[in-house]
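Here is what each chain is made of, one letter per residue.
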Amino acid sequence: MDWAGWALFGLVATTALTAALIVAQLAGLTRVDFPLLLGTVVTEDPDRARIVGFFMHLCAGQGFALGYAATFALLDRATWWIGALLGALHVGIALTVLLPLLPGVHPRMASQRAGPASTAVLEPPGLFALNYGIPTPAVIGVVHVVYGVVLGLLLRAG
């Protein structure tokens, strides 16, 4: 297990995940924009929000990379397929628990129950983030599995 490399590898994996999401968004496969969703928690300006949110996403990726590294250490092995399984678990929790709860804590996101009187500027993701497009769960799933695979491959070196 490469404990010295987890931070660098976490940045590499998070960058790969973010780049893949941007490509999917530009290709019209999804409307989900994690940097915007995260950044608008702290600022209402969408351009600033994307910058702030990008760094928030990198920090979150680092935290998850540490969790993946700890899991690999507990299992006493790091492989691409264990990373893929962890990515699938990660995205399963994100799509079914974390994203649906986001409207309850996000100051600029409407809830499913807010109705037309809401002044929120962001649409709630809904279960599996389906409000951002039918392919969104698959896109988010693939990029998180890729994140896990990248970490599994890079962290096995140590």
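Just above, that's the structure.
This structure is a prediction, so every number in the text was calculated from the model and none was measured. (Residues numbered from 1 in each chain as written. Predicted model: local features only at pLDDT ≥ 70, side-chain atom pairs only at ≥ 80, totals over all residues. Heavy atoms only, no water.)

Examining the environment of Trp81
- Its place among the elements puts Trp81 in helix H4 (residues 80-101).
- Residue classification places Trp81 among the partly exposed positions, given a relative accessible area of 40%. (Helix = DSSP H or I, 4+ residues; strand = E, 2+ residues; numbered from the N terminus. Buried < 20%, exposed > 50% of the residue type's maximum accessible area, 1.4 Å probe, protein only.)

Re a nonpolar patch on the surface
- Side chains of Leu89, Ile93, Val97, Leu98 and Leu101 sit close together on the surface and give an oily, nonpolar patch of about 460 Å² of accessible area.
- In this fold, Val97 is placed in helix H4.
- Here Val97 falls in the partly exposed class, since its relative accessible area comes to 39%. (Patch = residues over 30% accessible without salt bridge, like charges linked within 9 Å, V, L, I, M, F, W, Y side chains within 5 Å. Areas by Shrake-Rupley, 256 points an atom, 1.4 Å probe, with all protein chains shown as cover. Salt bridge = Lys/Arg side-chain N within 4 Å of Asp/Glu carboxyl O.)

Looking at the packing of aromatic side chains
- Tallying each qualifying case throughout the model produces two aromatic pairs.
- Aromatic pair Phe54 and Phe55: ring centres 5.4 Å apart, planes at 80°, arrangement edge-to-face.
- Between the aromatic rings of Tyr68 and Tyr147, the centroid separation amounts to 5.2 Å while the plane-to-plane angle is 90°, which identifies the pairing as edge-to-face. With Tyr68 in helix H3 (residues 46-75) and Tyr147 in helix H5 (residues 136-155), this residue pair connects regions lying 79 residues apart in the sequence.
- The exposure class of Tyr147 is buried, given its relative accessible area of 2%. (Phe/Tyr/Trp six-rings, centres within 6.5 Å; stacked < 30°, edge-to-face > 60°.)

Some words on the pattern of salt bridges
- Counted under the stated rule, the structure contains two salt bridges.
- Between Glu123 and Arg31 there is a salt bridge whose closest N-O contact spans 2.9 Å. Taken as a pair, Glu123 in the loop between H4 and H5 and Arg31 in the loop between helix H1 (6-26) and helix H2 (34-39) lie far apart in primary sequence, 92 residues in all.
- For Arg50, the salt bridge identified is with Asp33, shortest N-O distance 2.8 Å.

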